[in-house]
Amino acid sequence: MDERRRYTLILTPKILWIGAEAADVLDPERFSLTRIPSALDGLRCLRNEDFDVVMASFPLPDWSCADSLLEELQQAQPATPVVIQSSEATATEVVRLLRLGAFHVLQQGDANSLLYLAASSKWAEVSPSITNELEQQPWRRALIGESRPMRQVSQTIQLVARRRSTILITGETGTGKELVAQSIHALSDRARLPMVCVNCSALPETLLEAELFGHVKGAFTGAINHRVGRFEQANHGTIFLDEIGDLPLSLQAKLLRVLQEREFQRLGSSETVHLDLRVIAATHTDLAEMIKQGKFREDLYYRLNVVPIPVPPLRERASDVRFLVMHFIEKICREEEIQVKQISRETLDRLSVHDWPGNVRQLENAVEKAIVLSGERPALFPGDFPLPPRKHPMPFAGSADTFIAVPDQGLDFEKTVGGIERNILEQALKKTRGNKKLAAEMLGLKRTTLTAKLKSLVAVSAAG
């Protein structure tokens, strides 16, 4: 982390310490501390009182499994960061706890600064644990996020990076397909050589073949010199073919032969060039649909799609938005050589529930714009991100298989509709981490309307 960054807490952080060593570790002047020796008593306390952060210090007399205690603590107060302290935790256990949602796993060292950061309810920060993990694994630096979809992408990369298999990366525009390709190359045995990138949609068809395979002098009008193509430049390394769906049919057959035989000939030459390289392709288009339309060769598709890696759109990994935002703030401020800006928790919550149709690229542009237009102000607020209204999906509409069938014996209308309404409200509150104002905005309701609905559902449940 940038050492210039400063953090601000308006109130004294309230710490719930589950364990027996708090008095010897924490500075009593910096924290409002509640110390409870046992896990069960700590859970009961957490369900009855709000805290800024929870520290569970193992070993505990009545609870041996950190995984299950972490889950119980998160259920008791979903928005409260949990720090696990265990001097006996292995590296594997640390990574597992981080992926289960722990803010940090403290094995040794000063807890004061860490808890001061974790407890902040006004300013947000990326977990230092995740930052340390990325520093230990450089290939992951471009894969920002700890959501389940991104963990699946990372796991696939680890499985295939050191193999020779051809990879097809798919995903919407702006999801970071090229960054995934770079991570694969960085983890591979070919990382000592550069990855050669070709955007198949950026070059005219008349130049693309010469660009890919090279040519000899006099091969065509204007070929005044010998030229080495991109495939030959990438020999013994990696070639990345971006937007492979835009490759003309006339070149698809030649690419197929390269993938099958690992050899080609330059334009105007009879000499065969043999290749030893990894091919990674990417596309935002549906190649299966293009095959039906006769715009893409089926045999080439199967040669490319040996190992598919779908990259999720940002709306499917909303929990990663906060990590991406902090990453972009740090990156952009460093490039601009200015003080790294802070960002309010409310701003992050708003950004996390936005649709982001332009995906990660749109988010990065929004962060850069906010930083530039905020001037000398040290922090970013919701007004710095003028986002368009969210497009609300309409549940149970437009599809014959989404309606609710009425059984012959009938149904309880109020109970059925109430169940649907409860489910929608619970989803919105979960996505906004209990923020009723943001949940109301997400559902197109007034905050007072949402509050009234929640009270009504609670009353109905109590009466039932």
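Our structure is the block above this text.
Draft legend 1. Inspection of the sheet that holds strand E7 (residues 195-199) at higher detail. The sheet built from five strands is open, its strands ordered E7-E8-E11-E6-E12 with parallel pairing. The strands lining the two open edges of the sheet, one partner per strand, are E7 and strand E12 (307-310). When strand polarity is set aside, the average angle formed by the axes of neighbouring strands in this sheet is 20°. Running over the sheet, helix H7 (residues 148-160) touches strand E6 (167-170), strand E11 (278-283) and E12 and is turned about 155° from E12.

Draft legend 2. Representation of the packing of helix H9 (residues 205-213) against helix H11 (residues 249-261). Their axes nearest at 11 Å, the elements H9 and H11 cross at an angle of 10°. The orientation of H9 with respect to H11, classified from their angle, is roughly parallel. Judged by residue contacts, Glu-205, Leu-208, Glu-209, Leu-212 and Phe-213 of H9 engage Ser-250, Leu-251, Lys-254 and Val-258 from H11. Residues of the contact of H9 with H11, tallied by class, amount to five nonpolar, one polar and three charged.

Draft legend 3. Structural context of the sheet that holds strand E2 (residues 32-36). In spatial order, the strands read E2-E1-E3-E4-E5; together these five strands make up an open sheet with parallel pairing. Strands with a single pairing partner mark the edges of an open sheet, and in this sheet they are E2 and strand E5 (104-106). Strand-to-strand twist across the sheet, computed as the mean angle between neighbouring axes with direction ignored, equals 20°.

Draft legend 4. Main features of the packing of aromatic side chains. Tallying each qualifying case throughout the model produces three aromatic pairs. Aromatic pair Phe-213 and Phe-264: ring centres 5.6 Å apart, planes at 45°, arrangement tilted. In this pair, Phe-213 sits in helix H9 while Phe-264 sits in strand E9 (residues 263-265), placing the two residues 51 residues apart along the sequence. A centroid spacing of 5.3 Å and a plane angle of 65° characterise the contact between Tyr-301 and Tyr-302, whose relative ring orientation is edge-to-face. Overall, the relative accessible area of 17% leaves Tyr-301 in the buried class.

Draft legend 5. Examining the packing of helix H14 (residues 321-336) against helix H16 (residues 359-373) more closely. The N-to-C vectors of H14 and H16 enclose an angle of 50°; their axes lie 9 Å apart at closest approach. Of the possible angle classes, the one that applies to H14 and H16 is oblique. Crossing angle aside, the handedness with which H14 passes H16 is right-handed. Of the residues in H16, those touching H14 at Val-321, Leu-324, Val-325, Phe-328, Ile-329, Lys-331, Ile-332 and Cys-333 are Val-360, Leu-363, Glu-364, Val-367, Glu-368 and Ile-371. Of the residues contributing to the contact of H14 with H16, the split by class is 11 nonpolar, no polar and three charged.

Draft legend 6. Examining a nonpolar patch on the surface more closely. Together, Leu-411, Phe-413 and Val-417 give the surface a local cluster of nonpolar side chains, amounting to about 280 Å² of exposed area. Topologically, Val-417 is positioned in helix H17 (residues 413-431). The class of Val-417 is partly exposed, set by a relative accessible area of 37%.

About the cut-offs
- Residues numbered from 1 in each chain as written.
- Predicted model: local features only at pLDDT ≥ 70, side-chain atom pairs only at ≥ 80, totals over all residues.
- Heavy atoms only, no water.
- Pairing = 2+ DSSP bridges.
- Helix = DSSP H or I, 4+ residues; strand = E, 2+ residues; numbered from the N terminus.
- Axes fitted to C-alpha atoms, helices over the stretch in contact; angles between N-to-C directions.
- Contact = heavy atoms within 4.5 Å.
- Parallel < 35°, antiparallel > 145°, perpendicular 65-115°, else oblique.
- Nonpolar A, V, L, I, M, F, W, Y, C, P; charged D, E, K, R; others polar.
- Phe/Tyr/Trp six-rings, centres within 6.5 Å; stacked < 30°, edge-to-face > 60°.
- Buried < 20%, exposed > 50% of the residue type's maximum accessible area, 1.4 Å probe, protein only.
- Left-handed = near helix turned anticlockwise from the far one by under 90°.
- Patch = residues over 30% accessible without salt bridge, like charges linked within 9 Å, V, L, I, M, F, W, Y side chains within 5 Å.
- Areas by Shrake-Rupley, 256 points an atom, 1.4 Å probe, with all protein chains shown as cover.
- Salt bridge = Lys/Arg side-chain N within 4 Å of Asp/Glu carboxyl O.

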